[in-house]
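Examining the three-dimensional arrangement
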Amino acid sequence: MNFIDLAAQRDQIRPQIEAAMARVLNTCGFIMGPEVTNFEKSLATFAGAKHALACANGTDALLIPLRAWNIGPGDAVFVPSFTFVASAEVAPLVGASPVFVDVLPDTYNMDPASLEAAILDVKKQGKLKPRAIIAVDLFGQPADYPAISAIAKKHGLKLIADQAQGFGCTLNGKQPLDWADVATASFFPAKPLGCYGDGGAILTNDDSLAGLIDSIRIHGKASIEDMAAKKYDNDPRYLNMRIGVNSRLDALQAAILSEKLKIYPDELTKRDAIAQRYNAGLGPHVRRVPTVIAGGFSNWAQYTIESEQDVYSVYPTAPGGLPVTEDIRNRVMSLPMHPYLSEADQALVIDAVRSFNG
Ligand SMILES: Cc1ncc(COP(=O)(O)O)c(C=O)c1O
């Protein structure tokens, strides 16, 4: 049994995927172009976002908005201590410092009380300037956005919803972007919405931020606003306004993702049904089955994640340390989870876990 069975999904939609790839081969439009634009439109519609900007991976999707906001040396970026390393990695990549915030013992997502304590502590110490919060939808379920966004607003901080794992999750029927300045996605193959290589996306409802992000992802090319200000009407790629990066989603991946996005709503329903079966079969037998925040819908991405790597031990934490993270990191374990997990395999997993829990 596979932990995540990419072949099962591929076999379901193989003709559509092959046709999509052939489209790109036939046109030789390998970078950006209509496949990427069409995918961005569908993605924005799915996520209820005004703008969806595809990029090279989920890490760049976090990095680029930090660059757009000029976050850098002397700045503090608040991140949960229990996450995949990329959520924290992007802070030192722009020269800023991650400040680690503890998580809640039930949902494993960022603890708003620890967040507020960390912000106040950073302000009191006066060495770093609080600038942004990266909330993570860990294992696929939404963070406590109402509480986190209220804290972000109160302290004048930008809020990124790192949906690399949780793309497709909702809270009270709303998207994380409804509370955040930016939401990000990763299309790494094992992610619930995965491509056949690396890929990512940045979602925002802010027109001028979208222009900046579009510029930064393509070597700092001129945005529409830049072109108007400079009265420049040639190809914007040849007017470089700022230091950017090369972070494009390639057209093959966009074509594949367009097909996968069509079946994603159905896959989310399937994942949820499997999770409910795991919950029912394991609830009485294990210490804890996943707790989803009230009103939350999870995409049930499943990962076994370790955080707090030694290289990050030099960075600040919320006052009092990270007791919840320290405690749960030794205990979590993820189970096989993908939309095509057969009922027989679900039963096998449930029996196996029950047996080693006595
Ligand atoms: C929470 C989280 N953030 C960011 C990333 C980075 O995504 P990518 O691997 O596409 O760069 C990942 C995934 O690997 C992740 O799980």
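What you are looking at is a predicted structure, and each value in this text was computed from that prediction instead of being measured. (Residues numbered from 1 in each chain as written. Predicted model: local features only at pLDDT ≥ 70, side-chain atom pairs only at ≥ 80, totals over all residues. Heavy atoms only, no water.)

What about the pairing of strand β7 (residues 182–186)?
Summarising burial for β7: five of the five residues are buried, a large majority. Along β7, one buried face is formed by V182, T184 and S186 and the opposite face, lined by A183 and A185, is buried too. Where strand β5 (residues 158–162) and β7 come together, three bridges link them in parallel fashion. The residue bridging I160 from the neighbouring strand is V182, located in β7. (Buried < 20%, exposed > 50% of the residue type's maximum accessible area, 1.4 Å probe, protein only. Helix = DSSP H or I, 4+ residues; strand = E, 2+ residues; numbered from the N terminus. Pairing = 2+ DSSP bridges.)

A word on empty space enclosed by the protein
Applying the stated criterion across every chain, the model contains three cavities of 30 Å³ or more. For the largest cavity, the calculated volume is near 110 Å³. Around the largest cavity, the lining comprises 14 residues; the ones closest to its centre are L6, Q9, K191, P192 and R271. Looking at the lining of the largest cavity, the elements that each hand over two or more residues are α1 (6–27) and α9 (251–282). With three residues, the top contributor of residues to the lining of the largest cavity is α9. For the lining of the largest cavity, a count of residues per class yields six nonpolar, three polar and five charged. (1 Å grid on protein atoms, 1.4 Å probe; cavity = no way out; pocket = protein on both sides within 12 Å on 5 of 7 lines; lining within 4 Å. Points joined across faces, edges and corners; volume = space filled by probe spheres on them. Nonpolar A, V, L, I, M, F, W, Y, C, P; charged D, E, K, R; others polar.)

Describing the environment of P65
Structurally, the position occupied by P65 is in helix α3 (residues 58–68). Considered as a pair, P65 and R217 are 152 residues apart in the sequence and their alpha carbons are 9.8 Å apart. Setting aside anything within four residues of it in sequence, one finds P65 in contact with D60, I160, V182 and I202. (Contact = heavy atoms within 4.5 Å.)

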